[in-house]
Amino acid sequence: FLKSFQSKQWYQRRVRGHIKEKRTQRKNRDAFVTLLNELHSKKKLDSTSLWADLYPTINKDTRYSTMLGQPGSTPLDLFKFYLEDLKSTMHEDKKTIREVLKAAQFEVKSNTSYEKFYGVISADEKTKAIDKGNIKLHFLNLLEKAEQREREARRE
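In what follows, the accompanying structure is described.

1. Looking at the nonpolar core
Turning to step 1, where the next piece is worked out: Ranked by internal contacts, the top residues of the largest apolar core, which has 15 residues, are Phe32, Leu36, Leu45, Trp51, Ile58 and Phe79.
Turning to step 2, where the next piece is worked out: Looking at this core, the elements that each hand over two or more residues are α1 (2–41), α2 (51–58) and α4 (75–88).
Turning to step 3, where the next piece is worked out: Here this core takes five residues from α4, the largest share from any one element.
Turning to step 4, where the next piece is worked out: Formed by 13 residues, the second largest nonpolar core is a distinct cluster that contains Ile97, Val100, Val108 and Leu143.

Take a look at the structure:
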């Protein structure tokens, strides 16, 4: 009976330790995602960011170093998931940007600068929450379409 009781206690301690370890790992991952959120709010991270560019900043933070060596998602995995989340809003952002451009009666031409485009976009309250990287990607897409239209017009 005593042996059974001791093995049951040992098993319960082991399970509690395992649960505590998993909780700590989850907290470490959540803290790292908080770091990514902070970098995004400081405009240092957007949907076009590269790990290699941000690594010098991220590497100095203890929230990064505490994640190293723990099982599960790595800091790089979480970074990639974060970028995917930012890019997932691209379709909605595109619609909002088009609405703003239409309301401002602004058309992107092959000689339109990003600064001018961004000035029109950022002047509207609807675009305040849009990721800067998504705005840049949409501008490049519109610029490419404008250049293509001008090439086709020259052919005719």
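Still to come is the rest of the account.
2. Quick word on a nonpolar patch on the surface
Turning to step 1, where the next piece is worked out: On the surface, Trp10, Tyr11, Val15 and Ile19 cluster together into a nonpolar patch covering about 410 Å² of accessible area.
Turning to step 2, where the next piece is worked out: By the element assignment, Trp10 lies in helix α1.

3. Details of helix α6 (residues 114–122)
Turning to step 1, where the next piece is worked out: Those residues of α6 that fall on the buried side of the exposure criterion are Tyr114, Phe117 and Ile121. Seen end-on, α6 carries its buried residues on one side only, within an arc spanning 65 degrees. Residues of α6 that are exposed and angled more than 90 degrees away from the buried face: Glu115 and Lys116.
Turning to step 2, where the next piece is worked out: Next to the buried residues of α6 lie α5 (90–103) and α7 (132–155).

4. Brief notes about the side chain of Asn134
Turning to step 1, where the next piece is worked out: Of note, Asn134 is situated in helix α7.
Turning to step 2, where the next piece is worked out: Here Asn134 falls in the buried class, since its relative accessible area comes to 0%.
Turning to step 3, where the next piece is worked out: Engagement of the side chain of Asn134 in a polar contact is seen with the backbone oxygen of Leu86, the distance being 3.0 Å.

5. Quick look at the packing of aromatic side chains
Turning to step 1, where the next piece is worked out: Tallied over the full model, the rule gives nine aromatic pairs.
Turning to step 2, where the next piece is worked out: Their ring planes at 50 degrees and their centres at 5.9 Å tell us that Trp51 and Tyr55 sit as a pair that is tilted. With a gap of four residues between them, Trp51 and Tyr55 both fall in helix α2, about one helical turn apart.
Turning to step 3, where the next piece is worked out: Given a relative accessible area of 30%, Tyr55 falls into the partly exposed group.
Turning to step 4, where the next piece is worked out: Taken together, a centroid distance of 5.4 Å and an interplanar angle of 65 degrees make the contact between Tyr114 and Phe139 edge-to-face. Pair noted here: Tyr114 is in helix α6 and Phe139 is in helix α7, with a separation of 25 residues, a long-range link.

Rules used in this analysis
- Residues numbered from 1 in each chain as written.
- Predicted model: local features only at pLDDT ≥ 70, side-chain atom pairs only at ≥ 80, totals over all residues.
- Heavy atoms only, no water.
- Core = buried A, V, L, I, M, F, W, Y, C linked by side-chain atoms within 4.5 Å.
- Buried < 20%, exposed > 50% of the residue type's maximum accessible area, 1.4 Å probe, protein only.
- Helix = DSSP H or I, 4+ residues; strand = E, 2+ residues; numbered from the N terminus.
- Patch = residues over 30% accessible without salt bridge, like charges linked within 9 Å, V, L, I, M, F, W, Y side chains within 5 Å.
- Areas by Shrake-Rupley, 256 points an atom, 1.4 Å probe, with all protein chains shown as cover.
- Salt bridge = Lys/Arg side-chain N within 4 Å of Asp/Glu carboxyl O.
- Arc of directions from axis to C-beta.
- Contact = heavy atoms within 4.5 Å.
- Polar contact = N/O pair within 3.5 Å; in protein donor to acceptor, adjacent residues only side chain to side chain.
- Phe/Tyr/Trp six-rings, centres within 6.5 Å; stacked < 30°, edge-to-face > 60°.

Shape descriptors only; they carry no functional weight alone.
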